[in-house]
Amino acid sequence: MVEDLLQLRKAIEEKIAQMEKELELYRKVLAALDEAIGKRSFTTAAEERERRGAARKPLEVQALKSKDGEELGVAEIYEDELVLKPKVPVKLEGLLRRFFVEKLLERYREEDEDAVRQGKREAALEYEVQEEGGAVKAVVVKNYGDENRRRDIIRAFRWTLERALKG
């Protein structure tokens, strides 16, 4: 009986040694896979944004000018998105927030949300104000709607920039 137990113990030790070798092999394969995946497909969020931005071209780019011809910024027009960029830094606080964001964009967003609830629209207007150091870098408007509304938003942004830069 003792001999049988010793043989069983030896067989188990051999099986454990074999399994440890196999486990070590699997760990090496996983490490190699992780390294290969990391080299080939990993991108940072910033790189991914840049890649997507480079791949996507605007349908049109409009220069936004004051009444006396001074360039105030640009409007990049995409199929379902506007990217409005001031040429010079403009603070969000003040006219840009009170008029352009709170009165115009918020009004459109609320109207669209009602229309979505009623089944008249598929998506409501969304916007994001991108700031850097307290100054507006860009205003991104998604699901802006039809051409008339697009023109209205661009016109209001141009007017707001002109007034904000004068005063």
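Cut-off values and rules
- Residues numbered from 1 in each chain as written.
- Predicted model: local features only at pLDDT ≥ 70, side-chain atom pairs only at ≥ 80, totals over all residues.
- Heavy atoms only, no water.
- Helix = DSSP H or I, 4+ residues; strand = E, 2+ residues; numbered from the N terminus.
- Expected span 1.5 Å × (residues − 1).
- Bend = angle between axes of the 7 residues up to and from the residue.
- Buried < 20%, exposed > 50% of the residue type's maximum accessible area, 1.4 Å probe, protein only.
- Contact = heavy atoms within 4.5 Å.
- Patch = residues over 30% accessible without salt bridge, like charges linked within 9 Å, V, L, I, M, F, W, Y side chains within 5 Å.
- Areas by Shrake-Rupley, 256 points an atom, 1.4 Å probe, with all protein chains shown as cover.
- Salt bridge = Lys/Arg side-chain N within 4 Å of Asp/Glu carboxyl O.

(A) Representation of helix α3 (residues 95-117). Its 23 residues place the ends of α3 31 Å apart at the C-alpha level, agreeing with the 33 Å of an ideal helix rising 1.5 Å per residue. Where α3 bends most, the angle comes to about 30°, and this point is V101. Taken together, the buried positions of α3 are L96, F100, V101, L104, L105, E106, Y108, D112 and A115. Packed against the buried residues of α3 are β3 (81-86), β4 (90-91), β5 (126-132), β6 (135-142) and α4 (147-166). Following α3 by one or two positions, G119 has its phi on the positive side, about 80°.

(B) Looking closely at a nonpolar patch on the surface. Residues M1, L5, L8, I12 and I16 make up a contiguous nonpolar surface patch of about 540 Å² in total accessible area. Topologically, I16 is positioned in helix α1 (residues 2-41). On the accessibility criterion, I16 (43% relative accessible area) is partly exposed.

(C) Highlighting unusual backbone geometry. Not every positive phi belongs to a glycine, and N143 is a case in point at roughly 55°. Take N143: it is sitting in the loop between β6 and α4.

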